[in-house]
Amino acid sequence: MKAIRRFTVRPVLPDPLRPLSDLARNLRWSWHAETRDLFRSVDPERWAASGGDPVRLLGSVPPGRLAELAQDRPFLRRLTAVAGDLHDYTTGDRWYQTQPEELPAAIAYFSPEFGITAALPQYSGGLGILAGDHLKAASDLGVPLIGVGLLYRHGYFRQTLSRDGWQQEHYPVLDPNELPVAQLEEPDGTPAQVALALPGGKQLHARIWLAQVGRVPLLMLDSDVEENDLGERGVTDRLYGGGSEHRLLQEMLLGIGGVRAVRTYCRLTGHPEPEVFHTNEGHAGFLGLERIAELCDEGLDFDSALESVRAGTVFTTHTPVPAGIDRFDRALVARHFGPHAELPRIDVERVLRLGMETYPGGEPNLFNMAVMGLRLAQRANGVSLLHGHVSREMFAGLWPGFDADEVPITSVTNGVHAPTWVAPEVFRLGARQIGAQRAEDALTVGGSDRWDAVADIPDQDIFELRRVLREQLVTEVRERLRASWRQRGAHTAELGWIDSVLDPDVLTIGFARRVPSYKRLTLMLRDRDRLMDLLLHPERPIQIVVAGKAHPADDGGKRLVQELVRFADDPRVRHRIVFLPDYGMAMAQKLYPGCDIWLNNPLRPLEACGTSGMKAALNGCLNLSVLDGWWDEWFQPDFGWAVPTADGVGTDPDHRDDIEAAALYDLLEQRVTPRFYERGRSGLPDRWIEMVRHTLSLLGPKVLAGRMVREYVERLYAPAALSHRSLDPDAARDLAEWKTRVRAAWPGVTVDHVETSASETLAELGTTLALRVRVGLGDLGPDDVEVQAVSGRVDEEDRIGDAAVVPLKPVGVPDQDGRWVYEGPLSLDRTGPFGYTVRILPAHRLLASGAELGLVAGPSEELVEAAGLLMR
């Protein structure tokens with residue numbers, strides 16, 4: 001029989017066990033081994049059945065067992081110690097509190113998804129896992145972050161396979177009362193809520209759930225409340241689901257509702273108000289509009305409020321392709337803003353202008369969330385060095401007149417939260433060398449360039465560690481494969497072959513990620529005979545574990561999954577290659593440590609960062625990857641292999657795949673498998689072990705989320721807080737008025753004449769020339785601009801590369817025509833073809849970059865032709 005109503009019945013813990021409730025509700029348990037061990041000891045079988053979720057565990061333990069534990073003195077001592085450790089962790093000073101400079105009182109971090117733990121399934125892939133790792137690392141470092149997201153009642157989909165290998169999606173309903181979250185409440189005990197105005201006089205209500213991530217609160221908005229109609233209740237139904245309007249409402253709730261949720265949380269708890277707002281991808285971009293509206297209510301005009309908001313906003317882009325950006329029809333956006341909907345005090349045209357694609361090739365009728373994110377943030381970044389370069393080129397049209405290298409988008413390379421992703425066996429090996437506390441500090445705070453202690457670990461210990469982890473993966477794969485085949489309709493009698501799937505002594509390759517076409521799940525199948533030879537090699541076989549989900553609407557991705565599954569179903573190779581459905585955090589935590597090689601073969605440069613290989617590396621797994629994302633930045637032959645690419649202009653996609661697949665097979669046949677199987681004098685694969693050692697000691701410190709968050713604090717959060725404090729209402733008005741004046745006067749800014757002290761086009765290295773420039777500033781003065789000499793090596797088309805910029809100084813007063821003379825030195829500091837130019841940029845103490853306004857004036861074509869090149 002089916003129940004007509006459902007309740008969540010929580011256990012009543014005996015007084016001595018009350019701290020268990022606090023430990024279960026703080027998600028630090030998801031990365032703190034001692035806390036997990038404590039919960040496991042409550043009831044090992046129920047712990048396993050709960051999927052390692054303390055909330056579910058406590059809901060299933062019989063009262064008799066709880067009464068027994070309440071009298072168990074050794075258990076109570078452990079409970080007291082673990083609870084005390086959590087108290088010290090959440091209240092004591094950490095890295096952030098010891099920094100000398102005046103850092104932000106608080107930072108609000110917005111993301112559409114957060115991957116904290118499998119027990120809170122609110123993520124689909126890398127963006128969410130990155131956001132979860134950001135929160136955890138911020139907690140470890142003591143950074144006063146407030147996370148803001150949505151609580152999806154179905155999360156992302158669960159994946160199974162049909163008998164013929166086609167992806168099936170399932171959307172189990174999540175009851176927040178059964179999740180490790182608590183409802184934020186007003187002082188009178190009623191649920192705290194926010195509301196958004198909708199067209200037609202309706203409202204979208206949402207309650208606020210709180211997940212405590214160590215020291216960091218994560219606020220999650222949930223529209224499934226009684227005050228909403230059926231349509232509005234479904235706004236937070238599932239992650240990345242629904243049509244355009246559904247997505248727009250989700251993003252309005254995340255951005256606008258999220259700011260209101262932060263204000264509510266700070267009011268109720270006394271938490272400091274954020275000085276910096278960080279939007280992780282464009283989905284939360286509307287948060288800037290809400291903050292502008294707040295300032296307008298306090299008496300600022302739109303332009304002044306915009307400057308104030310920009311000063312304290314950081315925008316991170318994660319996509320290297322325009323197709324990955326959310327774009328909405330302008331009419332749809334217009335309908336949801338203005339007098340009869342949300343933010344009625346703001347002119348709809350001002351809203352629409354923020355998202356307009358004003359660059360060449362842009363579509364004027366679309367509203368671009370990333371473009372709005374960049375216009376509302378004074379500081380922006382990509383997520384790897386290469387992705388920063390790609391982003392500057394992709395968005396260069398927003399800063400006309402500037403080379404892509406000068407577009408004000410920097411990069412902070414992603415990192416991963418080591419305590420979450422490092423296998424306990426790996427941590428114990430490190431702790432044996434340097435002690436548990438030093439090992440924990442190395443994984444969380446980081447700060448060193450290398451982990452030298454790894455050099456002292458004996459080869460035998462590394463070899464045995466790798467085999468233990470591989471053996472654990474084999475056991476995990478067989479269990480998951482058997483469950484998958486049962487879901488596909490197989491009978492137990494058909495599945496005896498699964499007991500021989502994978503071998504703990506065979507080179508194991510992992511490939512697990514989302515399945516968009518650019519990640520090329522099936523590149524390994526390009527030459528199936530050659531792959532079969534590798535899988536079945538009599539002396540040097542390989543085995544491959546594959547996992548990944550295609551988006552529910554992506555039939556092309558589903559066909560790739562099916563193609564891979566059908567190959568893996570072949571009785572000739574099914575003991576050597578497996579596809580595991582329902583890839584998620586729980587699977588990943590077993591998969592990364594157990595693999596010897598992590599394979600990544602995207603189309604370069606479409607992988608913004610790609611952090612899965614980082615998690616593998618922290619467990620001593622070697623990377624075999626295309627030079628894209630983070631691997632392009634940090635690859636060394638000491639700890640992995642680079643797959644050559646054929647990304648030249650005009651390469652046919654099929655031909656490119658053939659070339660790169662062949663290069664992959666070559667590497668596996670000629671370099672990777674021989675290195676794994678060859679034995680030294682000790683009988684161990686000593687050259688392979690040395691690569692594992694280099695991976696841990698040299699790559700380990702780089703890939704930490706602690707390193708990443710420290711970079712955000714030092715390079716983006718601290719400067720943004722400083723800008724925010726500098727822009728009080730008067731300063732914001734002054735800056736807005738100055739920008740308006742500069743934009744109006746800019747057509748009158750000219751470079752009229754340039755001369756140097758050189759009479760020849762040949763000079764010696766180290767020569768310094770005198771540069772004299774005559775400029776027109778129109779209605780502006782020298783305080784409004786900076787006149788610069790830009791010099792460097794030039795190519796055949798006279799384009800300056802790796803430019804050096806030197807500001808020139810005004811001399812005297814303007815002449816009778818109102819022209820100013822600027823002078824300065826020009827150093828010939830490079831040999832070969834050398835050139836220079838002169839330009840004028842707006843200058844103001846509150847600008848973060850000279851390119852911020854997108855205004856630049858340079859010599860006219862006639863002047864350039866008359867001057868020619870300075871040196872060749």
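Here the structure is shown first, and the text comes after it.
Let us look at the structure shown here.

Parameters at a glance
All residue numbers refer to positions counted from 1 along the written sequence of the respective chain. Whole-chain, interface and lining totals are the exception, using all residues; otherwise, since this is a predicted model, local features are given only for residues with pLDDT of at least 70 and side-chain atom pairs are given and counted only at 80 or more. To get the side-chain values, take all heavy atoms of the structure and skip hydrogens and water. A run of H or I in DSSP becomes a helix once it reaches four residues, and a run of E becomes a strand once it reaches two; helices and strands are each numbered from the N terminus. This radius of gyration counts C-alpha atoms alone. The globule rule is 2.2 Å times how many residues there are, raised to the power 0.38. Buried, partly exposed and exposed residues are distinguished by accessible area as a fraction of the type maximum, computed with a 1.4 Å probe on protein chains only: under 20%, between the cut-offs, and over 50%, respectively. We call two residues contacting when some pair of their heavy atoms lies within 4.5 Å. Within this scheme, the nonpolar core is defined by two criteria: the residues are buried Ala, Val, Leu, Ile, Met, Phe, Trp, Tyr or Cys, and they are joined through side-chain atoms within 4.5 Å. Whenever a helix is involved, its axis is fitted only over the stretch in contact; in every case the axis is a line through C-alpha atoms, and angles between N-to-C directions fall within 0 to 180 degrees. Each angle receives one of four descriptions, namely roughly parallel if under 35 degrees, roughly antiparallel if over 145, roughly perpendicular if within 65 to 115, and oblique otherwise. Crossing handedness is read from the near helix: turned anticlockwise from the far helix by less than a right angle, it gives a left-handed crossing, and turned clockwise, a right-handed one. Throughout, the ten residues Ala, Val, Leu, Ile, Met, Phe, Trp, Tyr, Cys and Pro are labelled nonpolar, Asp, Glu, Lys and Arg are labelled charged, and all others, Gly among them, are labelled polar.

Let's shift gears to the overall build of the protein chain. Looking only at helices and strands, one finds 29 helices and 27 strands in the protein chain. The C-alpha radius of gyration of the protein chain comes to 29 Å, within 12% of the 29 Å expected for a compact globule of 872 residues. Principal axes of the C-alpha set define a box for the protein chain whose edges measure 95 × 70 × 50 Å. Across the 872 residues that make up the protein chain, the buried fraction comes to 56%. Sequence separation of 24 or more characterises 73% of the internal contacts of the protein chain that already satisfy a separation of 6 or more.

Moving on to helix 18 (residues 436–444). Within the sequence span of helix 18, burial applies to Ala439, Ala442, Leu443 and Thr444. In this fold, the buried residues of helix 18 make contact with helix 7 (126–141), helix 16 (418–421), helix 17 (424–434) and helix 27 (705–726). Looking one or two residues beyond helix 18, the residue adopting positive phi is Gly446, at roughly 65 degrees.

To continue, consider the nonpolar core. Core analysis: the largest hydrophobic core is formed by 106 residues, its most contacted members being Met524, Ile544, Ile597, Leu624, Trp641 and Trp688. With 61 residues, the next largest nonpolar core counts Val194, Val309, Ile346 and Met372 among its residues.

Right, let's talk about the packing of helix 20 (residues 528–535) against helix 25 (residues 653–677) for a bit. For the pair helix 20 and helix 25, the least separation of the axes is 11 Å and the interaxial angle reads 20 degrees. On the basis of their axis angle, the class for helix 20 and helix 25 is roughly parallel. As helix 20 packs across helix 25, the resulting crossing turns out to be left-handed. In this structure, helix 20 uses Arg530, Leu531 and Leu534 to contact helix 25, whose residues at the interface are Ala662, Tyr665, Asp666, Leu668 and Glu669. Considered class by class, the residues forming the contact of helix 20 with helix 25 number 5 nonpolar, no polar and 3 charged.

The peptide bond linking Arg604 to Pro605 adopts the cis configuration, its omega dihedral lying at 5 degrees. Along the polypeptide, Pro605 turns up in the loop between strand 18 (597–600) and helix 23 (612–617). A positive phi is found at Leu343, a non-glycine position, where the angle reads about 50 degrees. Considering the arrangement of structural elements, one finds Leu343 in the loop between helix 12 (330–335) and helix 13 (348–354). Given the relative accessible area of 1%, Leu343 is considered buried.

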